[in-house]
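Fold and contact review
One-letter residues, chain by chain:
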Amino acid sequence: MDRTEASERIERLRREIETHNHSYYVLSKPLISDSEFDQLMNELEALEKKYPDLLTPDSPTQRVGSDLTPEFIQYEHKYPMLSLGNIYNEEELKAFCNRIEKIAGGPVEYVCELKFDGVSISLNYRNNSLFMALTRGDGKTGDDVTRNIRTIKSIPLRVSGDNIPADFVIRGEVLMSRPVFDRLNRERIQAGLPAFANPRNAASGTLKLLDPKIVASRRLDCMFYFLLGEDSPWETHYQNLKQAAEWGFKIFEGIRICRNSDEIMDFVKKWDESRNDLTYDIDGIVIKVNSLALQQKAGFTAKSPRWAGAFKFRAEQVTTRLLSVSFQVGRTGAVTPVANLEPVFLAGSTVRRASLHNADQIEILDLYINDMVYVEKGGEIIPKITGVDLSERDKNNIKVTFITNCPECGTTLTRNEGEANHFCPNYLHCPPQITGRIEHFISRRAMAVEGLGEETVELLFNRGLIRNFADLYELNAGQLVPLERLGEKSAQNIINSIRESVGVPYHRVIFALGIRHVGETTARTIARNFRNIDELMNADFETLTGIREIGPRIASSIISYFRDDENIDIIQRLKLFGLNLQEEEQEAREGTQTGTKEAVLDGKSIVISGVFRRHSREEYREIIEKSGGKNVTSLSSNTSFILAGEKMGPSKREKAESLGIPLISEKEFLELIGEE
Ligand code: IVH
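Residues numbered from 1 in each chain as written. Predicted model: local features only at pLDDT ≥ 70, side-chain atom pairs only at ≥ 80, totals over all residues. Heavy atoms only, no water.

1. Some words on the overall build of the protein
- Assigned secondary structure in the protein consists of 25 helices and 21 strands.
- With the C-alpha coordinates aligned to their principal axes, the bounding extent of the protein is approximately 85 × 80 × 55 Å.
- Taking all 676 residues of the protein together, 47% fall into the buried category.
- Once local pairs closer than 6 in sequence are excluded, the contacts in the protein between residues at least 24 apart make up 67%.
- Charged side chains of the protein number 86 positive and 100 negative; the gap between the two group centres comes to 2 Å. (Helix = DSSP H or I, 4+ residues; strand = E, 2+ residues; numbered from the N terminus. Buried < 20%, exposed > 50% of the residue type's maximum accessible area, 1.4 Å probe, protein only. Contact = heavy atoms within 4.5 Å. Lys, Arg positive; Asp, Glu negative; His and termini not counted. Charge placed at Lys NZ, Arg CZ, Asp CG, Glu CD.)

The following block contains the structure:
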């Protein structure tokens, strides 16, 4: 096959694959089997590999996601992205219709659509090809997330059909279906990562990921609802959407034209009742004037169009009985009240518990045991109690009071001035605080010990085998085997994983210690500023707060951590076990001594930003570390320079300028390390 034939074949394959993608992801009606589809993709991939100059970003092979994006670049929206005015009840709906009908001077056609609860996106197509995808941002400018958007299979990379304007914008909502969301959260919990609160947050978090490959694996979807552009093919919104569906966009099929508020109310009620049948979350109904001419006549307020409104559903609410209130003690000693409820079905799942946050909230709700309470699902996974049905209260019910002593160790609880939470001050001996600290220490982002779950940690603690996390390094497999459900092999695996954890870098060990208020980012800051744990231990309040990212709250917490003899003892033991309690600098030093080129970056803190041609960012990171430098993620006055690739974000550039940090281009850097 010569180049011309290959080019024709590539074009044919792309069309065919796009048709199948559309049938599968938009219409949900596959025309061929998965393996037949794979064959087409394989053939296209092979041809594009052979003729790389024929590869275009709108090829279906590019949906898998390419390299990491350093950060998103902002662009201005051609048409600002506005929000919608809310309509909360029938009366407000009637007022909305009256206003429009007054402007129209007669009857009006409305289009009713679902209000998808996801992340809005604005796509620009030029010459039938997806050109740019922007998030809403502040409504005027948004982040360029094109490379992530390309991975969404139901979004056409190219459009085909009649009446396609040369340049148009189409808007929609990026969504994660509930089954995909549930699976993702299960995986995250297993991996020790925090779960997403709801599909909207998961979709939004996914769109902002820097690695399009992970985005591709998250199976996002997108529903479209608004076509814009100077050459709109039709005179009504409804026809525009129907036309866009023919071009390949996924448009909700149940959109309906209504002629008055009664018809609109029927639509609202119908979907309020059957919203749980959908695989996506919706939070209301959007009502839009159908005629584009009338839309124009109605115009906009500063924030939203006058020709559209969002009828918001009320959060689903059920009543159930409050059986009891339990109090949980966390790793930091904070005591959280939890309501135990008579199981009740709410918005897709059975609810047994609701969070009560703190003592103030119990007081505000004026809760009594056995009360019938209203329960709602808000933005959080755990539902909340929003009120009490007083008409159902029995006079013998007993008022809920906050406990005065720790339910685990009996110590009198404390509550600091101005803080909402009660704390158990028995830091050293309160069991859930001890096991909580050990669980944090071994968690994935800290020491990443595998095979040790919460239950095993509790067993080890209850049997007296460990009292703190330093004890882990003195365990042997023989001690683990007799524990419930632990075979010899898994016991040995746990021991191996504990031993291997001594290789975890310094900043993660600092994070693992569980010092209050020291999260992952602060731990990195600490590691950058204190070359070893002794320096940190000896640092006074002024030294600590002298570091820009460390405020008084964190500084006090670090100081009180090191005032505790038991903590000092633990750290001394960790040192003996060989954990990294200092910055690894040996390699860099060796380089200097032998005079090799590998030490040219000795002691330099370097931020990598932008996209590069010669090496990947990961490779540059390795080069920096091998050459004695340190790759840091955030800019500070300690940064030596920025290795600046193309497309470096404007905010980073500005910050670098204000701090007087030099930018070094890829070419200059290669010269510096002697590669050019
Ligand atoms: S139309 C100028 N239609 O709701 C009108 N928006 O509060 C632009 N949304 O940011 C919006 N479903 O993210 C429209 N069928 C729908 C929608 C919808 C969800 C979101 C969208 C927008 C927000 C407005």
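2. Concerning the site of the ligand
- Around the ligand sit 13 residues in total, of which E113, L114, S120, E173 and Y225 are the nearest.
- Between E113 and the ligand, the recorded distance is 2.8 Å, taken from a side-chain N or O atom to a nitrogen atom.
- Going through the elements one at a time, β3 (110-116), β8 (221-228) and β10 (282-289) are the ones with two or more residues in the shell around the ligand.
- With four residues, β3 is the largest single contributor of residues to the shell around the ligand. (Near = heavy atom within 4 Å. Polar contact = N/O pair within 3.5 Å; in protein donor to acceptor, adjacent residues only side chain to side chain.)

3. Details of the pairing of strand β20 (residues 641-644)
- Side chains F641 and L643 of β20 all project onto a buried face; the interleaved residues I642 and A644 project onto the opposite face, where all are buried too.
- Inspection of the sheet shows β20 paired to strand β21 (residues 663-665) by three bridges, in the parallel sense. Counted as the bridge partner of I642 is L663 from β21.
- Traced from β20 through helix α24 (residues 650-659) to β21, the parallel crossover comes out right-handed. (Pairing = 2+ DSSP bridges. Right-handed = clockwise from strand over helix to strand, strands pointing away.)

4. Focus on the sheet that holds strand β19 (residues 630-632)
- Here four strands make up an open sheet; going across it, the order is β19-β18-β20-β21 and the pairing parallel. Each edge of the open sheet is held by one strand with a lone partner, namely β19 and β21. Mean inter-strand twist for the sheet, computed between neighbouring axes without regard to direction, equals 35 degrees. (Axes fitted to C-alpha atoms, helices over the stretch in contact; angles between N-to-C directions.)

5. Points about helix α13 (residues 454-462)
- Looking at α13, one finds that the buried residues are T456, V457, L459, L460 and F461.
- Tucked inside the fold, the buried residues of α13 contact α12 (431-442) and α14 (477-480).
- Trailing α13 by a residue or two, G464 shows a phi angle of about 80 degrees, which is positive.

6. Structural notes on the packing of aromatic side chains
- The final tally for this structure, using the stated rule, is 19 aromatic pairs.
- Between Y473 and F577, the ring centres sit 5.6 Å apart and the planes meet at 25 degrees, which makes this aromatic pair stacked. Here Y473, found in the loop between α13 and α14, pairs with F577, found in the loop between α21 (565-576) and α22 (586-594); they are 104 residues apart in sequence, far enough to count as distant.
- On the basis of relative accessible area, Y473 is assigned to the buried category, the value being 10%.
- By way of ring pairs, the aromatic residues Y125, F168, F224, W247 and F249 are connected into one cluster.
- The positively charged end of R188 is found above the aromatic ring belonging to F196, 4.3 Å away from the centroid.
- We note R437 situated over the ring of Y427; from NZ or CZ to the ring centre the distance is 4.1 Å. (Phe/Tyr/Trp six-rings, centres within 6.5 Å; stacked < 30°, edge-to-face > 60°. Lys NZ or Arg CZ within 6 Å of the ring centre and 35° of its normal.)

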